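# Per-entry structural report
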Amino acid sequence: MPLQKMRMIVFDFDGVILDSVNPLFSHLDGLRRSLHALGREFPDDAFFRMEWGKGTTDFLNRSFEEKLRNALLAIIRYEEEHLAQSPRYCSLAPTLAIDTLRNSGIATGILTNRSFNSLFKHTKKSGFFADRFDIIVSIGSELVVIPERRYAITPHHKPDGRSFDPIIAHAASRGIDKNEILFVGDAHADLCAARSAGIRFVGVLTGVLNKREYWRELGLSDKDIINSIDDLPKLLGIDHQTK
C-alpha cells in the first residue's frame with residue numbers, strides 16, 4: 001500500500017523520539033578506547049549498531065566474556081539512571097511533525113522495548129507528552145491493556161513480531177487495517193519485528209543505524225529511509241500544519 005494511504009504511524013522510542021542512543025554509544029566508544037590501550041579487542045561501532053535492540057541480555061551473553069559483559073551492563077545501567085538528566089538526552093522529535101500527523105487524522109502510537117516505568121520516567125524528563133499518542137506499548141511480564149490510559153504492556157520484545165499485537169488490535173478497534181500501519185524505527189530489531197508482523201517500515205538516521213548503508217545492508221530501499229521523523233509529513237504527502 002502507498003505510504004500516502006497510511007492511517008496509523010507507530011514510533012519506536014529510543015533513537016526515534018528520544019536522543020538516548022548517541023550518549024550511550026559515546027560511552028561505549030570510551031570503553032573501546034580504554035580496552036584498546038590495554039591490548040584488548042572490542043567490537044567496532046558497526047557491530048554494535050547492527051546487533052543492538054535484539055534483547056540486551058541475550059546479546060551480551062552470547063557476545064562477551066563475563067568481566068566485559070558486566071562492564072557493558074554497568075554502562076547501560078548508568079545510561080538508565082544518569083544520562084536522562086543530561087542536556088544531550090532530550091527529545092529528538094519536533095512536536096510539529098507529530099501534531100501535523102494527528103491534525104491530518106492519522107492515529108499515532110509508540111512501541112518500545114523499554115519497561116513501562118522506564119518509559120514513563122524518560123518521557124516525563126524529555127518533556128515529550130504521552131497525550132500525543134493513541135496507544136503506547138511497552139514491555140512487561142504479561143499482556144495488560146489499559147484502554148482508558150492509552151497504555152498496553154506486552155511480554156514480547158522486538159524483534160518478535162508479536163510485540164505488535166496490541167498495536168494491531170487497537171488499530172482494528174478503530175477500523176484501521178494492518179496494511180494501513182507504518183512503523184518508524186532506528187534499529188535492526190525494529191525492522192525484523194515489523195517484517196515478522198507484516199507491518200510497513202521506515203528507518204530513521206537519528207538512532208542506532210545512523211547511516212544509510214546500514215539500512216541498505218538490511219534490504220531497505222532509499223525511499224524508506226528518512227533523516228528524522230520531521231521528514232514524515234512530506235513522505236506521506238502531508239504539508240506541515242500549525243493549529
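Read on for a plain summary of the structure. (Residues numbered from 1 in each chain as written. Predicted model: local features only at pLDDT ≥ 70, side-chain atom pairs only at ≥ 80, totals over all residues. Heavy atoms only, no water.)

## Overview of the packing of aromatic side chains
- This model, assessed by the stated rule, comprises five aromatic pairs.
- A ring pair is formed by Phe 164 and Phe 183, whose centres lie 5.0 Å apart and whose planes are at 90°; its orientation type is edge-to-face. You can see Phe 164 sitting in the loop between β5 (151-154) and α7 (165-173) and its partner Phe 183 sitting in strand β6 (residues 181-185), a full 19 residues away along the chain. When sorted by exposure, Phe 164 lands in the same class as Phe 183, which is buried.
- Between Phe 183 and Phe 201 the ring centres are 6.0 Å apart and the planes differ by 55°, which places this aromatic pair in the tilted class. Placement of Phe 183 in strand β6 and of Phe 201 in strand β7 (residues 200-204) is noted, with a sequence separation of 18 residues between them. In this structure, Phe 183 and Phe 201 share a single accessibility class: buried.
- Chaining the aromatic ring pairs together yields one cluster made of Phe 164, Phe 183, Phe 201 and Trp 215. (Phe/Tyr/Trp six-rings, centres within 6.5 Å; stacked < 30°, edge-to-face > 60°. Helix = DSSP H or I, 4+ residues; strand = E, 2+ residues; numbered from the N terminus. Buried < 20%, exposed > 50% of the residue type's maximum accessible area, 1.4 Å probe, protein only.)

## Quick notes on the pairing of strand β3 (residues 135-139)
- Buried residues dominate β3, accounting for five of its five residues.
- Of the two faces of β3, the one holding Ile 135, Val 137 and Ile 139 and the one holding Ile 136 and Ser 138 are both buried throughout.
- When strand β2 (residues 107-115) meets β3, the two strands line up parallel, connected through four bridges. From the neighbouring strand, Ile 110 faces β3, where its bridge partner is Ile 136.
- Here β3 runs beside β5; their pairing, made up of four bridges, is parallel. (Pairing = 2+ DSSP bridges.)

## Thoughts on helix α8 (residues 188-197)
- Burial analysis of α8 places seven of its ten residues in the buried class, the great majority of the element.
- Buried residues of α8: His 188, Ala 189, Asp 190, Leu 191, Ala 193, Ala 194 and Ala 197, and no others.
- Tucked into the core, α8 has its buried residues touching α2 (45-51), β6, β7 and α9 (212-217).
- One or two steps after α8, the chain reaches Gly 198, where phi turns positive at roughly 75°. (Contact = heavy atoms within 4.5 Å.)

## Some details on the pattern of salt bridges
- Evaluation of the coordinates by the stated rule reveals eleven salt bridges.
- A salt bridge links Asp 12 to Lys 158, with the shortest nitrogen-to-oxygen separation between them at 2.7 Å. Note that Asp 12 is positioned in the loop between β1 (8-11) and α1 (21-37) and Lys 158 in the loop between β5 and α7, a separation of 146 residues in sequence.
- One salt bridge in this structure joins Arg 200 and Asp 224, with 3.2 Å as the shortest N-O distance. You can see Arg 200 sitting in strand β7 and its partner Asp 224 sitting in the loop between α9 and β8 (225-226), a full 24 residues away along the chain.
- Overall, Arg 200 belongs to the partly exposed group, its relative accessible area being 25%. (Salt bridge = Lys/Arg side-chain N within 4 Å of Asp/Glu carboxyl O.)

## Quick word on the pairing of β1
- Residues Met 8 and Val 10 point to one face of β1 and Ile 9 and Phe 11 to the other, with burial holding for every one of them.
- Bridge count for β1 against β2 is four bridges, and the pairing is parallel. Counted as the bridge partner of Val 10 is Gly 109 from β2.
- Direction of pairing for β1 relative to β6: parallel, over a ladder of four bridges. Considered in β6, the bridge of Ile 9 is made with Leu 182.

## Description of the environment of Ala 46
- Mapped onto the elements, Ala 46 comes out in helix α2.
- On a C-alpha basis, the gap between Ala 46 and Tyr 214 in space is 8.3 Å, while along the polypeptide they are 168 residues apart.

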